[in-house]
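The residues making up each chain are set out below.
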Amino acid sequence: AYVLREAGAEPVCVLDRHVCGLFRHGEWLAWLEDAGFRACAVPFHHSQIEPGSCDVFVGVRREEVSG
């Protein structure tokens, strides 16, 4: 899930799901960091998914430092 917000607008949630991945975890994390996010991968827990079989990438926008 992506929560996107333009300046002055309400947040919009966009869902995306991949059954198999083309890129490694490290690549996704590096790309998120390069795009200006603090990034990590965390285990995804859900009653319909085998424990330990799925991660979620989390990117939090870094605060810009002024001055």
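Treat the numbers as computed from the prediction; the structure is a model and nothing was measured.

A short note on the overall build of the protein
Turning to step 1, where the next piece is worked out: A count of helical and extended segments in the protein gives one helix and four strands.
Turning to step 2, where the next piece is worked out: Start at the N end of the protein and walk to the C end: the helices and strands fall as β-β-α-β-β.
Turning to step 3, where the next piece is worked out: Against the 2.2 N^0.38 benchmark of 11 Å for 67 residues, the protein shows a C-alpha radius of gyration of 14 Å, more extended than a compact globule.
Turning to step 4, where the next piece is worked out: Dimensions of the protein, computed from C-alpha atoms along their principal axes, come out at roughly 45 × 25 × 20 Å.

Details of a nonpolar patch on the surface
Turning to step 1, where the next piece is worked out: Together, Leu-22, Phe-23, Trp-28, Trp-31 and Phe-57 make up an exposed nonpolar region whose accessible area comes to about 520 Å².
Turning to step 2, where the next piece is worked out: Assignment of secondary structure puts Phe-23 in the loop between strand 2 (12-14) and helix 1 (25-34).
Turning to step 3, where the next piece is worked out: Taking the relative accessible area as the measure of exposure, Phe-23 reaches 38% and is therefore partly exposed.

Description of the pattern of salt bridges
Turning to step 1, where the next piece is worked out: Evaluation of the coordinates by the stated rule reveals one salt bridge.
Turning to step 2, where the next piece is worked out: When the shortest N-O distance is used, the salt bridge between Arg-62 and Glu-33 registers 2.7 Å. Of the two residues, Arg-62 sits in the segment after strand 4 (55-61) while Glu-33 sits in helix 1, which places them 29 residues apart along the sequence.
Turning to step 3, where the next piece is worked out: When its relative accessible area of 35% is taken as the criterion, Arg-62 is described as partly exposed.

Procedures and definitions
- Residues numbered from 1 in each chain as written.
- Predicted model: local features only at pLDDT ≥ 70, side-chain atom pairs only at ≥ 80, totals over all residues.
- Heavy atoms only, no water.
- Helix = DSSP H or I, 4+ residues; strand = E, 2+ residues; numbered from the N terminus.
- Rg over C-alpha atoms; globule rule 2.2 N^0.38 Å.
- Patch = residues over 30% accessible without salt bridge, like charges linked within 9 Å, V, L, I, M, F, W, Y side chains within 5 Å.
- Areas by Shrake-Rupley, 256 points an atom, 1.4 Å probe, with all protein chains shown as cover.
- Salt bridge = Lys/Arg side-chain N within 4 Å of Asp/Glu carboxyl O.
- Buried < 20%, exposed > 50% of the residue type's maximum accessible area, 1.4 Å probe, protein only.

Any functional reading would require information that these geometric values do not contain.
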